[in-house]
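Structural overview for review
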Amino acid sequence: MPSSKNLIDKNCLPKHIAIIMDGNGRWAKERGYERIYGHQNGVVSVRETTEAAAETGIDYLTLYAFSTENWGRPQKEVDALMELLVDTIEKETPTLNKNNVRLLTIGDLSRLPLNARGKLQKCIGETAKNTGLSLVLALSYSSRWEIVNAAKTIGQALLDGKIRVEEIDEQVFSDALTTKSIPDPDLMIRTSGEERISNFLLWQLAYSELYFTKKHWPDFRKEDFYQAIVDYQNRERRFGK
Ligand code: FPP
């Protein structure tokens, strides 16, 4: 079968693609394994998608790797996920550098174990000068947390006399979010058939195109990523106009 890669119009690429990587648990259960087996296989999809994004010339790829709500999962799964995340980041740092990929994070990193935070900071530092794809990991992230936090930041600036009420606009609010200086996603992909936003980038997805696929995340491959881009390019975006 010909690859959808050839159908992509390089002149109107989405600048930013965000992905809710869903279905790892179900993928593993369907095969009679523990949920963590699904997360382990999900790493292959992370690698494939990151490579595809870099090769295509996408500027930003945001992956919802761990939500604020995920802290409520059984401790064993939380620990295993953290270990997997951090080990992967550590192991993949040379590959990120080889491919000119810069690592960024959004979310409440203060909730992460100290050693995880350290390894993340190390990778962020070591890839900071890369100018290709920015890979943004949403970790301990939820949009309502982020929005409340932004409200607190702006409230404090008001109290400190650094800003006046009349000056608060969409730009001021955007700049108080953890995604400051990251453009809004043009396309949001969610795997595994669920058609929800689930507390992910609520402010930033205001005008994004949404793409849902039934595939579980561990089955998601480059071709699926290309198909989503082709689908996006066949849509007409009007931004309410
Ligand atoms: C959702 O599946 C997936 C996650 C909560 C975690 C995603 C994490 C990885 C793929 C691990 C590695 C990531 C990086 C960035 C190195 P689910 O458990 O909610 O599946 P279910 O809906 O079938 O239960």
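Quick summary incoming for the structure in this document.

Parameters and conventions
- Residues numbered from 1 in each chain as written.
- Predicted model: local features only at pLDDT ≥ 70, side-chain atom pairs only at ≥ 80, totals over all residues.
- Heavy atoms only, no water.
- Near = heavy atom within 4 Å.
- Polar contact = N/O pair within 3.5 Å; in protein donor to acceptor, adjacent residues only side chain to side chain.
- Areas by Shrake-Rupley, 256 points an atom, 1.4 Å probe, with all protein chains shown as cover.
- Helix = DSSP H or I, 4+ residues; strand = E, 2+ residues; numbered from the N terminus.
- Nonpolar A, V, L, I, M, F, W, Y, C, P; charged D, E, K, R; others polar.
- Pairing = 2+ DSSP bridges.
- Axes fitted to C-alpha atoms, helices over the stretch in contact; angles between N-to-C directions.
- Contact = heavy atoms within 4.5 Å.
- Buried < 20%, exposed > 50% of the residue type's maximum accessible area, 1.4 Å probe, protein only.

1. So, the site of the ligand
- Taken together, 20 residues are adjacent to the ligand, and D22, G25, R26, R35 and R73 come closest.
- The side chain of D22 places a nitrogen or oxygen atom 2.9 Å from an oxygen atom of the ligand.
- Between an oxygen atom of the ligand and a side-chain N or O atom of R35, the distance comes to 2.7 Å.
- Considered on its own, the ligand offers 620 Å² of accessible surface; in the complex 92% of this is hidden by protein.
- At the level of secondary structure, the elements contributing two or more residues to the shell around the ligand comprise α1 (24-30), α2 (35-56) and α3 (75-98).
- With five residues, the single largest contributor to the shell around the ligand is α2.
- Split into classes, the residues belonging to the shell around the ligand amount to nine nonpolar, seven polar and four charged.

2. Some details on the sheet that holds strand β3 (residues 102-106)
- Spatially, six strands are ordered β3-β4-β2-β1-β5-β6 in an open sheet, and the strand pairing comes out parallel. Where the open sheet ends on each side, the last strands, each with one partner, are β3 and β6 (209-212). Each neighbouring strand pair of the sheet contributes to a mean axis angle of 20°, computed without reference to strand direction.
- Judged from the seven bridges that link them, strand β2 (residues 60-67) and strand β4 (residues 134-141) form a sheet pairing that is parallel. Counterpart to Y60 in the pairing with β4 is S134.
- The strands touched by α3 within the sheet are β2, β3 and β4, with β2 carrying the most contacts at an inclination of about 155°.
- Sitting on the sheet, helix α4 (residues 114-127) touches β3 and β4, and the angle it makes with β3 is about 135°.

3. Regarding the side chain of N70
- Positionally, N70 belongs in the loop between β2 and α3.
- Judged by its relative accessible area of 14%, N70 falls in the buried class.
- A distance of 2.8 Å separates the side chain of N70 from the backbone nitrogen of S67, its partner in a polar contact.
- Once you skip the residues sitting within four places of it in the chain, N70 turns out to touch A65 and V78.

4. A short note on the environment of A28
- In this structure, A28 sits in helix α1.
- For A28 and E146, which are 118 residues apart along the polypeptide, the C-alpha to C-alpha distance reads 31 Å.
- For A28, the contacting residues outside a window of four places in its chain are Y33, E34, R35, Y37 and G38.

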